[in-house]
Amino acid sequence: QVQLVESGGGLVQVGGSLGLSCAASVDIPRLKRMGWYRQAPGKDERQLVAVILGDGIVRYADSVKGRFTMSGDNAKNTMYLQMNNLQPEDTAVYYCYAVPLIASRNEEYWGQGTQVTVSS
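Bear in mind that the values here come from a model prediction, so they are computed numbers and not experimental data.

Reading the values: the criteria
- Residue numbers run consecutively from 1 along every chain, following the written order of its sequence.
- Local features are withheld for residues below a pLDDT of 70 in this predicted model, meaning they are given only at 70 or higher, and side-chain atom pairs are given and counted only at 80 or more; totals for whole chains, interfaces and linings count all residues.
- Excluded from the side-chain calculation are hydrogens and water; included are all heavy atoms of the structure.
- Secondary structure elements are taken from DSSP: a helix is a run of H or I of four residues or more, a strand is a run of E of two residues or more, and numbering for both begins at the N terminus.
- For the exposure calls, accessible area comes from a 1.4 Å probe over protein chains only, and a residue counts as buried if that area is under 20% of its type's maximum, exposed if over 50%, partly exposed in between.
- Only heavy atoms enter the contact rule, under which two residues are in contact if any of them lie within 4.5 Å.
- To qualify as a nonpolar core, a set must consist of buried Ala, Val, Leu, Ile, Met, Phe, Trp, Tyr and Cys residues joined through side-chain atoms within 4.5 Å.
- The rule for a disulfide is simple: a pair of cysteine sulfur atoms within 2.5 Å.
- Pairs of N or O atoms within 3.5 Å make up the polar contacts considered here, provided that, within protein, one atom can donate a hydrogen while the other can accept it, and that residues adjacent in sequence are counted only when both atoms are side-chain atoms.

*Asks:* What is the right way to look at the environment of Gly-35 in this model?
*Replies:* On the secondary structure map, Gly-35 appears in strand β4 (residues 31–39). Judged by relative accessible area, which is 0%, Gly-35 ranks as buried. It is 13 Å that separates the C-alpha atoms of Gly-35 and Asp-73, two residues lying 38 residues apart in sequence. If sequence neighbours within four positions are ignored, Gly-35 has contacts with Ala-50, Val-51, Met-70, Met-79, Tyr-95, Cys-96 and Tyr-97.

In structure tokens form, the structure reads like this:
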């Protein structure tokens, strides 16, 4: 089982920046997939923000390319999401996500979520 604990988020003005952190209870190399999703107000589904697969390449949603950067620190078992030039449409609850290297079918883990609010 993997536990993910998020921190960061908050309220920021348009054009501002915020950073999110997600501490995992296992070593990052033991995760085959990890990333960030968000759920906007009034939306039922979570939208992919950024994900890194086994090839080590980070894939971003078109809406955040050039503004958001996902990174990780293996020594701290933590992944990060740096968000720059935030816009009102970025307002959402942000969740980190991970799938273990050895996982049962459909096994996945989520953080508790952290609110990001961008005011205009």
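Next comes the rest of the write-up.
*Asks:* Just checking my understanding: could you explain unusual backbone geometry for this structure?
*Replies:* Glycine aside, negative phi is the norm for most residues, and most peptide bonds take the trans geometry. Positive phi is not limited to glycine here, since Asn-77 has a value of about 50 degrees. Notably, Asn-85 is not glycine yet its phi reads approximately 50 degrees, a positive angle. By the secondary structure assignment, Asn-85 is in the loop between β8 (78–83) and β9 (92–100). Judged by its relative accessible area of 39%, Asn-85 is partly exposed.

*Asks:* What exactly am I supposed to notice about the nonpolar core here?
*Replies:* Note that soluble globular proteins tend to have their nonpolar side chains buried in a common cluster. Among the nonpolar cores identified, the biggest contains 30 residues, and Trp-36, Leu-81, Met-83 and Tyr-94 are the most heavily contacted of them. For this core, the secondary-structure elements that each account for two or more residues are β3 (18–24), β4, β5 (47–52), β7 (68–73), β8, β9 and β11 (114–119). Filtering out sequence-adjacent residues up to four positions away, Leu-81 remains in contact with Leu-18, Gly-19, Leu-20, Trp-36, Val-49, Phe-68, Thr-69, Met-70 and Tyr-94.

*Asks:* How should the state of the cysteines be read in this particular structure?
*Replies:* Any covalent bond linking the sulfur atoms of two cysteines counts as a disulfide. According to the stated counting rule, one finds one disulfide in the structure shown. In this model Cys-22 forms its disulfide with Cys-96; the gap between the sulfur atoms is 2.1 Å. Disulfide Cys-22-Cys-96: the torsion about the S-S bond is 60 degrees, which places it as right-handed. With Cys-22 in strand β3 and Cys-96 in strand β9, this residue pair connects regions lying 74 residues apart in the sequence.

*Asks:* I tried to follow the side chain of Asp-90 on my own but got confused; where do I start?
*Replies:* Its place among the elements puts Asp-90 in the loop between β8 and β9. Residue Asp-90 is classed as buried on the basis of its relative accessible area, which comes to 0%. Reaching out from Asp-90, the side chain makes a polar contact with the side chain of Arg-38 at a distance of 2.9 Å. Every residue in contact with Asp-90, bar those within four places of it in the chain, is listed here: Arg-38, Arg-67, Phe-68, Asn-85, Val-116 and Val-118.

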